[in-house]
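Chains, contacts and geometry: an overview
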Amino acid sequence: MRKLFLIGIGAGNPEYITVQAIKALNLVDVFFLPDKGEARQQLLNLRKEICERYIENTSYRIVEIDDPVRDTTISDYATRVVLWHRERALIYEEMIQQELAEDECGAFLVWGDPSLYDSTIRIIEGIKARGRLSFEFEVIPGITSIQALAARHRITLNGIGESIVITTGRQLSAGLSGEAERTIVMLDGQCSFNNLLEEDLDIFWGAYLGMEEEVLVSGKLREVAETIETIRHEKRQKNGWIMDAYLLCKPNRNRSIQEFVVTDTDSATR
Ligand SMILES: C[S@@+](CC[C@H](N)C(=O)[O-])C[C@H]1O[C@@H](n2cnc3c(N)ncnc32)[C@H](O)[C@@H]1O
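Quick look at the structure, then. Because the structure is predicted, anything quoted here is derived from the model rather than measured. Position numbers for residues start from 1 in each chain and track the written sequence from start to end. Side-chain atom pairs in this predicted model are given and counted only at pLDDT of 80 or more, local residue features only at pLDDT of at least 70, and totals for whole chains, interfaces and linings cover all residues. Excluding hydrogens and water, the side-chain figures rest on all heavy atoms present in the structure.

The strand order across the open sheet formed by 5 strands is β3-β2-β4-β1-β5, and the pairing between neighbours is parallel. A strand with exactly one partner marks an edge of an open sheet, and here the two such strands are β3 (61-66) and β5 (135-140). Taken over all neighbouring pairs, the strand axes of this sheet differ in orientation by 25° on average, direction set aside. Relative to β3, strand β2 (residues 30-35) runs parallel, the two being bridged by 6 bridges. For two strands to count as paired, DSSP must find a minimum of two bridges between them. Note on conventions: DSSP H or I runs of at least 4 residues are helices, E runs of at least 2 residues are strands, and numbering of each starts at the N terminus. Each axis is a line fitted through C-alpha atoms, and for a helix only the stretch in contact is used; angles between axes span 0 to 180 degrees, taken between their N-to-C directions.

Turning our attention to the sheet that holds strand β9 (residues 215-220). Working definition: the strands of a sheet are paired by backbone hydrogen bonds and lie parallel or antiparallel to each other. Taken in spatial order, the 5 strands line up as β6-β7-β10-β8-β9 in an open sheet, and their pairing is mixed. Only two strands of the sheet have a single partner each, and these edge strands are β6 (164-168) and β9. For this sheet the average axis-to-axis angle between neighbouring strands, irrespective of direction, equals 15°. For strand β8 (residues 202-207) and β9, the ladder comprises 6 bridges, and the chain directions are antiparallel. In the strand pairing of β9, Ala207 is matched with Val215. Strands in contact with helix α5 (residues 145-153) are β6, β7 (182-186), β8, β9 and β10 (244-249); relative to β8, the strand with the most contacts, it is inclined by about 115°. Whether two residues are in contact is decided by their heavy atoms, any of which lying within 4.5 Å being enough.

The salt bridge criterion pairs a side-chain nitrogen of Lys or Arg with a carboxyl oxygen of Asp or Glu, the two atoms within 4 Å. Tallying each qualifying case throughout the model produces 13 salt bridges. Residues Glu136 and Lys3 are paired through a salt bridge, measuring 3.9 Å at the closest nitrogen-oxygen approach. You can see Glu136 sitting in strand β5 and its partner Lys3 sitting in strand β1 (residues 2-8), a full 133 residues away along the chain. We note a salt bridge from Lys3 to Glu138, for which the minimum N-O separation is 2.6 Å. Of this pair, Lys3 sits in strand β1 while Glu138 sits in strand β5, and the two are 135 residues apart along the sequence. The exposure class of Glu138 is partly exposed, given its relative accessible area of 31%. Salt bridges sharing partners connect three or more residues here, namely Lys3, Glu136 and Glu138. Each residue is assigned to one of three classes by its accessible area relative to the maximum for its type, calculated with a 1.4 Å probe on protein chains only: buried under 20%, partly exposed between the two thresholds, exposed over 50%.

Attention now goes to the packing of helix α3 (residues 77-99) against helix α4 (residues 120-130). Following both chains from N to C, one finds α3 and α4 inclined at 70°, their axes separated by 9 Å at the closest point. As judged from the angle between their axes, α3 and α4 are roughly perpendicular. Our pair here, α3 against α4, has a crossing hand that is right-handed. For the pair formed by α3 and α4, the contact residues are His85, Arg88, Ala89, Leu90, Tyr92, Glu93 and Ile96 on the first element and Arg122, Ile123, Ile127 and Arg130 on the second. Within the contact of α3 with α4, the residues separate by chemical class into 6 nonpolar, 1 polar and 4 charged. Throughout, the term roughly parallel applies to angles under 35 degrees, roughly antiparallel to angles over 145, roughly perpendicular to angles from 65 to 115, and oblique to all others. The hand of a helix crossing depends on one turn: near helix anticlockwise from the far one by less than a right angle means left-handed, and clockwise means right-handed. Residue polarity follows a fixed list, in which Ala, Val, Leu, Ile, Met, Phe, Trp, Tyr, Cys and Pro are nonpolar, Asp, Glu, Lys and Arg are charged, and the others, Gly among them, are polar.

Moving on, we come to α4. Taken together, the buried positions of α4 are Thr120, Ile123, Ile124 and Ile127. Viewed along the axis of α4, the buried residues span an arc of 95°, placing them on a single side of the element. Exposed side of α4, more than 90 degrees from the buried face: Arg122 and Ala129 are the residues found there. The elements touched by buried residues of α4 are β1, α3, β4 (105-110) and β5. Summarising the geometry, the arc corresponds to the directions from the helix axis toward the C-beta atoms.

Our focus in this paragraph is the layout of surface pockets. Using only the protein atoms, space was sampled on a 1 Å grid; points where a 1.4 Å probe fits but cannot get out form cavities, open sets with protein on both sides within 12 Å along at least five of seven lines form pockets, and lining residues are those with an atom within 4 Å of a point. Grid points are joined across faces, edges and corners, and a volume is the space filled by probe spheres set on the points. By volume, the largest pocket is sized at about 1900 Å³. Surrounding the largest pocket, 50 residues form its lining, Arg70, Trp84, Tyr117, Leu187 and Met243 being those nearest its centre. Elements supplying a minimum of two residues to the lining of the largest pocket: α2 (40-54), α3, α6 (169-172), α7 (221-239) and β10. Taken together, the residues of the lining of the largest pocket break down into 22 nonpolar, 12 polar and 16 charged. Annotation comment: domain bounds sourced from an automatic or database domain assignment. Shared between two domains, the lining of the largest pocket takes at least three residues from each, and those domains are domain 1 (2-143) and domain 2 (146-252).

Next up on the list: a nonpolar patch on the surface. Together, Tyr117, Ile166 and Leu187 give the surface a local cluster of nonpolar side chains, amounting to about 300 Å² of exposed area. Turning to its location among the elements, Leu187 is positioned in the loop between β7 and β8. Overall, Leu187 belongs to the exposed group, its relative accessible area being 58%. Only residues whose relative accessible area exceeds 30% and that form no salt bridge enter a patch; like-charged residues are grouped when within 9 Å of one another, and nonpolar side chains (Val, Leu, Ile, Met, Phe, Trp, Tyr) when within 5 Å. The method behind every accessible area is Shrake-Rupley, applied with a 1.4 Å probe, and residues are considered shielded solely by the protein chains displayed.

What follows is the structure in structure tokens.
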């Protein structure tokens, strides 16, 4: 039976790849590489670099897939995305059928981790549910942009016993969720943090995480928001695309660090 791997390749640095992912890469006969819009060439190159760097046997094939564009005439966001996914499912199904023999192994190299703001699992599930193609599939986890953001800023994502919300710029534009102390924001092309300048928040922002162009900014949101917006605009102009993510938190971080500094009394009473 055909086998498909959905391999998380990490969010930007070719060295984010895991040993499990390298083992899976080396079993693959055909890599399906969808073209993803404006970041297309650079992201495609990174995937090819990963194949060249980590695969010992060079007999694999690469099949580039033209990703359909979303129909912007559909006003409801969820409907627009569902229809787009269906179209992608049909294209992927056709490519798998044409390019992957019954006894071969194929793979999709998924940016970051397949479980986070990525539709590949849903699309592959959709193809399986249609029942026209029989195959098994396995998901290999990868390092997300959230983990890269935390590591590069050298921070923990949550306070002790606290919750974190992971959301999008679109959702954040309606305001912070009341339930969590900290909020991670992805897919924010509109700098939605500008709606929160009245609140006392710290921001840890990163763009092109793990890549050569990586930029990090942190500080009081209301003091650094303009800088972030300017950098974002300039980098986007220069590179033609940008990917950025950030953590917003209520400002108790320094206090909690102080609480963990071991005092002389602590060491004397040990
Ligand atoms: C479609 S989602 C994919 C997320 C991915 N599956 C992951 O695990 O990180 C794309 C969003 O992830 C974030 N992102 C992905 N890679 C990034 C990077 N290298 N630097 C900053 N943000 C990144 C950005 O918020 C971007 O808009």
